[in-house]
Amino acid sequence: MATPSPEQSPTTRRAAVWNIFLDKHYLQDERLPSIIETLREQGEFDVVGIVEAGQGNGEKIAQAISGTPGLWYPHSRKKLGEHIGLFGPTIEPAEKIELGYNRRAVVTRLGDVAITAVHLRRPDEWYRSGPEQVEQAQALIDYFADEEKVILFGDFNGVRAQKPRRMLKAADYELATTQLGRRPVRSFPTDEFPERLSRREQLLLRLVGGMISIDAIYTKGVDVIDTDSFGGPSDHRGLWLEWLECVDEMNEEQDTLN
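What counts, and where the lines are drawn
Residues numbered from 1 in each chain as written. Predicted model: local features only at pLDDT ≥ 70, side-chain atom pairs only at ≥ 80, totals over all residues. Heavy atoms only, no water. Helix = DSSP H or I, 4+ residues; strand = E, 2+ residues; numbered from the N terminus. Contact = heavy atoms within 4.5 Å. Buried < 20%, exposed > 50% of the residue type's maximum accessible area, 1.4 Å probe, protein only. Axes fitted to C-alpha atoms, helices over the stretch in contact; angles between N-to-C directions. Left-handed = near helix turned anticlockwise from the far one by under 90°. Nonpolar A, V, L, I, M, F, W, Y, C, P; charged D, E, K, R; others polar. Pairing = 2+ DSSP bridges. Polar contact = N/O pair within 3.5 Å; in protein donor to acceptor, adjacent residues only side chain to side chain. Phe/Tyr/Trp six-rings, centres within 6.5 Å; stacked < 30°, edge-to-face > 60°. Lys NZ or Arg CZ within 6 Å of the ring centre and 35° of its normal. Core = buried A, V, L, I, M, F, W, Y, C linked by side-chain atoms within 4.5 Å. Salt bridge = Lys/Arg side-chain N within 4 Å of Asp/Glu carboxyl O. Patch = residues over 30% accessible without salt bridge, like charges linked within 9 Å, V, L, I, M, F, W, Y side chains within 5 Å. Areas by Shrake-Rupley, 256 points an atom, 1.4 Å probe, with all protein chains shown as cover. Lys, Arg positive; Asp, Glu negative; His and termini not counted. Charge placed at Lys NZ, Arg CZ, Asp CG, Glu CD.

Caption draft 1: How the structure looks around the side chain of Glu 242. One can find Glu 242 in strand E12 (residues 238-248). Contact partners of Glu 242, with chain neighbours within four places excluded, come to Thr 12, Arg 13, Arg 14, Asp 223, Val 224, Ile 225 and Asp 226.

This is how it looks when you write it as structure tokens:
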């Protein structure tokens, strides 16, 4: 962890990400109050990323929690109105990264850190990544090649041993849990919706211990101080992260005078 200089004051920042499960058989609108309450229970966040938000639901969550509409882009399943986005009380306008295959990532900035909500394409067989996921991982790596501080978080639809996530590690991204000497979060599936999986998928999951780590927080150049997960009305667990941002007090005083 970097030591702040005498001119710098460390500030703790918090961010969370959650795949809130969009499926026509398990209506997201009915789960929305519980989703909002679950997020509130985790405390205040500077940035929240939401994956698989139904049409208009991202804005409803953002308004209820941060009093802002958030930043949202259509994503993947148009018939279900699927969106991906970010919200927070003071976040900057978002950029979108086109990843191909009707997928995109959403980026905002908090201080000097680029914070990015990610949802890679699900492989035809989830235990075996294909060229689509490799291309999407490469698009992320290329987009942030010149950035010093980056947080990539969300649903990577693959485990650490698969190529897309090995590519991130080779590009100097590290799991937040690894930085703190902890095991990766076993994030999918939760117990709330076990029947949504096929018998084959249920069997494969039992063989690997019941849950797999496909949701993750990767960082580059960020001083992670804590991370954990939370459960709620979704087939994925949510994740949160705390890190230190060093604010240059001298520059802040000059900005105030100006």
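Caption draft 2: Up close: unusual backbone geometry. A positive phi angle, near 65°, is found at Glu 52, a position not held by glycine. Non-glycine residue Tyr 101 carries a positive phi angle of around 60°. With respect to the helices and strands, Tyr 101 occurs in the loop between strand E5 (95-100) and strand E6 (103-110). Taking the relative accessible area as the measure of exposure, Tyr 101 reaches 41% and is therefore partly exposed.

Caption draft 3: Representation of the packing of helix H1 (residues 28-41) against helix H2 (residues 57-66). Contact pair H1 / H2: the axes reach a minimum separation of 10 Å and the direction vectors enclose 35°. Both H1 and H2 take part in a crossing whose hand is right-handed. Of the residues in H2, those in contact with Gln 28, Asp 29, Leu 32, Ile 35, Ile 36, Leu 39 and Arg 40 of H1 are Asn 57, Lys 60, Ile 61, Ala 64 and Ile 65. Looking at the contact of H1 with H2 residue by residue, the class counts come to 7 nonpolar, 2 polar and 3 charged.

Caption draft 4: How the structure looks around the sheet that holds E6. Pairing is mixed in the open sheet, where 6 strands are placed in the order E5-E6-E7-E8-E10-E9. Either end of the sheet is taken by a strand with one partner, and the two such strands are E5 and strand E9 (174-175). Note: E5 against E6, 5 bridges, orientation antiparallel. Opposite Ile 97, over in E6, you have Ala 105 as the bridge partner. Against the sheet, helix H3 (residues 131-143) touches E5, E6 and strand E7 (113-119), its axis set at about 145° to E5.

Caption draft 5: Main features of the environment of Thr 68. As for its placement among the helices and strands, Thr 68 is situated in the loop between H2 and strand E3 (71-74). The exposure class of Thr 68 is buried, given its relative accessible area of 18%. Separated by 20 residues in sequence, Thr 68 and Gly 88 place their C-alpha atoms 7.1 Å apart. Among residues more than four places away in sequence, those in contact with Thr 68 are Glu 59, Ala 62, Gln 63, Phe 87, Gly 88 and Pro 89. Among the polar contacts listed, one links the side chain of Thr 68 to the side chain of Ser 66, at a separation of 2.7 Å.

Caption draft 6: Here's a closer look at the packing of aromatic side chains. Per the counting criterion, the structure on display carries 4 aromatic pairs. Ring centres of Phe 21 and Tyr 26 lie 5.6 Å apart, and the angle between their planes is 35°; on these two criteria the pair is classed as tilted. Accessibility assignment for this pair places Phe 21 and Tyr 26 in one class, buried. Centroid distance Tyr 143 to Phe 144: 5.0 Å. Interplanar angle 75°. Geometry classified as edge-to-face. Taking the relative accessible area as the measure of exposure, Phe 144 reaches 0% and is therefore buried. Above the plane of the ring of Trp 240 lies Arg 14, whose end atom (NZ or CZ) is 4.9 Å from the centre.

Caption draft 7: Main features of the nonpolar core. Among the nonpolar cores identified, the biggest contains 24 residues, and Ile 115, Ile 151, Phe 153 and Trp 243 are the most heavily contacted of them. Elements supplying a minimum of two residues to this core: strand E1 (8-19), strand E2 (47-53), strand E4 (83-87), E6, E7, strand E8 (150-155) and E12. In contact with Ile 115, not counting residues within four places along its chain, are Val 47, Leu 86, Val 106, Val 107, Thr 108, Leu 110, Ile 151, Phe 153 and Trp 243. If you look at the next biggest cluster of nonpolar residues, it comprises 21 residues, including Ala 105, Ala 137, Leu 140 and Phe 144.

Caption draft 8: How the structure looks around the pattern of salt bridges. Following the criterion strictly, the structure yields 12 salt bridges and no others. Between Glu 82 and Arg 77 there is a salt bridge; the shortest N-O distance is 2.7 Å. Among the ionic pairs, Lys 149 bridges to Asp 112, the shortest N-O distance being 3.0 Å. Of this pair, Lys 149 sits in the loop between H3 and E8 while Asp 112 is found in the loop between E6 and E7, placing the two residues 37 residues apart along the sequence.

Caption draft 9: Structural view of a positive patch on the surface. Residues Arg 160, Lys 169, Arg 183 and Arg 186 make up a contiguous surface patch of positive charge. Along the chain, Arg 160 falls in the loop between E8 and helix H4 (163-170). With a relative accessible area of 46%, Arg 160 lands in the partly exposed category.

Caption draft 10: The side chain of Asn 57, seen in detail. Relative to the helices and strands, Asn 57 resides in helix H2. With residues near it in sequence (within four places) discarded, Asn 57 still touches Gln 28, Asp 29 and Leu 32.

Don't take any of this as a statement about function, it's just geometry.
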